[in-house]
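Each chain is listed here by its residues.
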Amino acid sequence: MAKFIGKWKGESSAFKNYDNFSKASAPGTPPKNGRAISLSPSTALVKWDEPARPNGIIKGYKIFYTIEPDIPVVLWTTLDIPIPQANERQATITELKTSVYWPTPS
C-alpha cells in the first residue's frame, strides 16, 4: 500500500510519494495527473492516474488535505481509499472548510 499526499515542494507532480510499505523493491513513483474538481463549496472530487512505476501491488491510496499547508503532514486530515474503490482512482471529499489547500501542477 502506498500513501500519497496532496502537498508537494518542488515536485513535478501534484501528488508526492509519502510512504511505501513494500520496501523490497526500488521506490515507486507517485500517482500521475493528480487533480481536484470542486463539486460544491464543501465537496471536491479528487482524481489521479496510476503511478508509472508502482512499488508492488497497490492495495489502496491515502489522500491528505488541510486548510493549513504549513503544519506537519501528520496533522492533516486523511481519507483512506481501499480496494475496490481505489481501482476507480477517484474519491469524493466532503465537509470541506473554505481555504482548503489544493495544489496545482507546475
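1. A few points about the pairing of strand β5 (residues 60-65)
For β5, the buried fraction is high: 6 of the 6 residues fall into the buried class. The two faces of β5 match: Gly60, Lys62 and Phe64 on one face and Tyr61, Ile63 and Tyr65 on the other face are all buried. Here β5 pairs with strand β6 (residues 77-82) via 6 bridges, running antiparallel. Within β6, the position partnered with Lys62 by the bridge is Asp80.

2. So, the pairing of strand β4 (residues 43-49)
Most of β4 is tucked away: 5 of the 7 residues are buried. When strand β3 (residues 32-40) meets β4, the two strands line up antiparallel, connected through 6 bridges. Counterpart to Arg35 in the pairing with β4 is Lys47. Between β3 and β4, which follow one another and run antiparallel, lie 2 residues.

3. Describing the sheet that holds strand β7 (residues 90-93)
In spatial order, the strands read β3-β4-β7; together these 3 strands make up an open sheet with antiparallel pairing. Because the sheet does not close on itself, it has two edges, and the strands there are β3 and β7. Each neighbouring strand pair of the sheet contributes to a mean axis angle of 20 degrees, computed without reference to strand direction.

4. Concerning the environment of Pro54
Note on placement: Pro54 falls in the loop between β4 and β5. In this structure Pro54 comes out as partly exposed when scored by relative accessible area, which is 40%. When the C-alpha atoms of Pro54 and Thr29 are compared, they prove to be 6.0 Å apart, with 25 residues separating the residues in sequence.

5. Some points on the confidence of the model for the chain
Residues at a pLDDT of 70 or more form 67% of the chain, whose mean pLDDT is 74. Taken as a whole, residues 1-24 scores under 50 in pLDDT and shows 77 contacts with residues more than four places along the chain or in a different chain.

Criteria and thresholds
Residues numbered from 1 in each chain as written. Predicted model: local features only at pLDDT ≥ 70, side-chain atom pairs only at ≥ 80, totals over all residues. Heavy atoms only, no water. Buried < 20%, exposed > 50% of the residue type's maximum accessible area, 1.4 Å probe, protein only. Helix = DSSP H or I, 4+ residues; strand = E, 2+ residues; numbered from the N terminus. Pairing = 2+ DSSP bridges. Axes fitted to C-alpha atoms, helices over the stretch in contact; angles between N-to-C directions. pLDDT = per-residue confidence, 0-100. Contact = heavy atoms within 4.5 Å.

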